[in-house]
Amino acid sequence: MTAAIRTRRLTLRVPVADDAARLADLANAPDVVRLLTSVPHPYTAADAAQFVAKVADSGAARVIVADEIIGMVGLDSMLGYWLGKAHWGRGYAGEAARATVAWHFAQGGGDLRSGYLDDNRASRIVLIRCGFVADGDTRVETVRGTHHDHHLMRLTRARYEAIRDYRIETARLVLSPLTEDDVPALAVLAGPHKVSRMLASIPHPFTEDDAFEWMQRRIYC
């Protein structure tokens, strides 16, 4: 897992030593670290440097880069991801997770597992939108002295391929998953004020960048 992965907004790349201070700063925030089972608190630059050295050799994780590093995504025994709090709510986690899942299956990878802690609703939504389903297994995790239910989920290759290709057809319409190719049309159709004023989630003006971010917060696979 060493090659960089690029999406419209993000670059996912293997971390280097100079990234450690930034990662420590992001992950040390209480609202971030409380949702992570494998990150200690406080999380020092030395902790981050040790982590970077480990994953740089194994290729098991990548930093998520927008204009700067905003988080991490990993794919070792399980898919995992986190973002600095300032970058929540813009669809970045889903964009990074979907790109990583797509890369995994494109490389011939097998079924994937992941999971979320009981109070991490945002992570659950990301996994569902990537196509993961509950596998019926829940573990109790102790995170910094607090017990949490850790709900495990699975995504098979067969399911991934099926949900990417679904279509619903009527006599006049075809309903299919949104893709990046739909962004220009989405901006044109929803952008006019007479349309956007009727939609609570569409700002005005509604640019292609706005349309892409809107899509990332709603897209399934």
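Remember, predicted model here, so these are calculated numbers, not experimental data.

Looking now at the overall build of the protein chain. In terms of helices and strands, the protein chain carries nine helices and 10 strands. For 221 residues, the compact-globule estimate of 2.2 N^0.38 gives 17 Å, and the protein chain sits close to it at 19 Å. With the C-alpha coordinates aligned to their principal axes, the bounding extent of the protein chain is approximately 55 × 35 × 35 Å. Taking as baseline every contact in the protein chain between residues at least 6 positions apart, the subset at least 24 positions apart corresponds to 62%. Total accessible area computed for the protein chain in this model is approximately 12,000 Å², and 52% of it derives from carbon and sulfur atoms. Averaging the locations of the 27 positively and 27 negatively charged side chains of the protein chain gives two centres separated by 5 Å.

Attention shifts here to the sheet that holds strand 4 (residues 69–75). The five strands are arranged 1-2-3-4-5 in an open sheet whose pairing can be described as antiparallel. Each edge of the open sheet carries a strand with a single partner, namely strand 1 (5–6) and strand 5 (79–83). Where helix 1 (residues 20–27) meets the sheet, its contacts fall on strand 3 (61–65), strand 4 and strand 5, and the angle it forms with strand 4 comes to roughly 90°.

Note that strand 6 (residues 112–117) and strand 8 (residues 146–155) share six bridges and pair antiparallel. The residue bridging Gly 115 from the neighbouring strand is Leu 152, located in strand 8. Sheet topology places strand 7 (residues 133–143) next to strand 8; eight bridges connect them, and they run antiparallel. Directly across from Arg 139, in strand 8, lies its bridge partner His 150.

A few words now on a nonpolar patch on the surface. On the surface, Tyr 166, Ile 168, Leu 173 and Leu 175 cluster together into a nonpolar patch covering about 380 Å² of accessible area. On the secondary structure map, Leu 175 appears in strand 10 (residues 174–175).

All right, on to the packing of aromatic side chains then. According to the stated counting rule, one finds one aromatic pair in the structure shown. For the pair Phe 105 and Tyr 160, a centre-to-centre distance of 4.6 Å together with 25° between the ring planes defines the contact as stacked. Residue Phe 105 is located in helix 4 (residues 92–106), and its partner Tyr 160 is located in helix 6 (residues 157–164); the two are separated by 55 residues in the primary sequence. Side by side, Phe 105 and Tyr 160 carry an identical accessibility label, which is buried. Over the aromatic face of Trp 103 sits the side chain of Arg 62, whose NZ or CZ is 4.9 Å from the ring centroid.

Counting 26 residues, the largest nonpolar core has Leu 12, Ile 64, Leu 79, Tyr 81, Val 101 and Phe 132 as its most contacted members. Only strand 4, strand 5, helix 4, strand 6, helix 5 (121–130) and strand 8 provide two or more residues apiece to this core. Looking at this core element by element, the count peaks at seven residues for helix 4. Contacts of Leu 79, omitting those with residues within four sequence positions, involve Val 73, Gly 74, Ala 97, Thr 100, Val 101, Arg 113, Ser 114, Leu 127 and Phe 132. Core analysis: the second largest hydrophobic core is formed by 19 residues, Leu 26, Val 65, Ile 69 and Met 72 among them.

All of the buried residues in helix 1 are Ala 20, Leu 23, Ala 24, Leu 26 and Ala 27. Considered in projection along helix 1, the buried side chains sweep an arc of 165° and stay on one side of the axis. Facing away from the buried side of helix 1, by more than 90 degrees, are the exposed residues Ala 21 and Asp 25. Contacts from the buried residues of helix 1 go to helix 2 (30–33), helix 3 (45–58), strand 3, strand 4 and strand 5.

What counts and what doesn't
Residues numbered from 1 in each chain as written. Predicted model: local features only at pLDDT ≥ 70, side-chain atom pairs only at ≥ 80, totals over all residues. Heavy atoms only, no water. Helix = DSSP H or I, 4+ residues; strand = E, 2+ residues; numbered from the N terminus. Rg over C-alpha atoms; globule rule 2.2 N^0.38 Å. Contact = heavy atoms within 4.5 Å. Areas by Shrake-Rupley, 256 points an atom, 1.4 Å probe, with all protein chains shown as cover. Lys, Arg positive; Asp, Glu negative; His and termini not counted. Charge placed at Lys NZ, Arg CZ, Asp CG, Glu CD. Pairing = 2+ DSSP bridges. Axes fitted to C-alpha atoms, helices over the stretch in contact; angles between N-to-C directions. Patch = residues over 30% accessible without salt bridge, like charges linked within 9 Å, V, L, I, M, F, W, Y side chains within 5 Å. Salt bridge = Lys/Arg side-chain N within 4 Å of Asp/Glu carboxyl O. Phe/Tyr/Trp six-rings, centres within 6.5 Å; stacked < 30°, edge-to-face > 60°. Buried < 20%, exposed > 50% of the residue type's maximum accessible area, 1.4 Å probe, protein only. Lys NZ or Arg CZ within 6 Å of the ring centre and 35° of its normal. Core = buried A, V, L, I, M, F, W, Y, C linked by side-chain atoms within 4.5 Å. Arc of directions from axis to C-beta.

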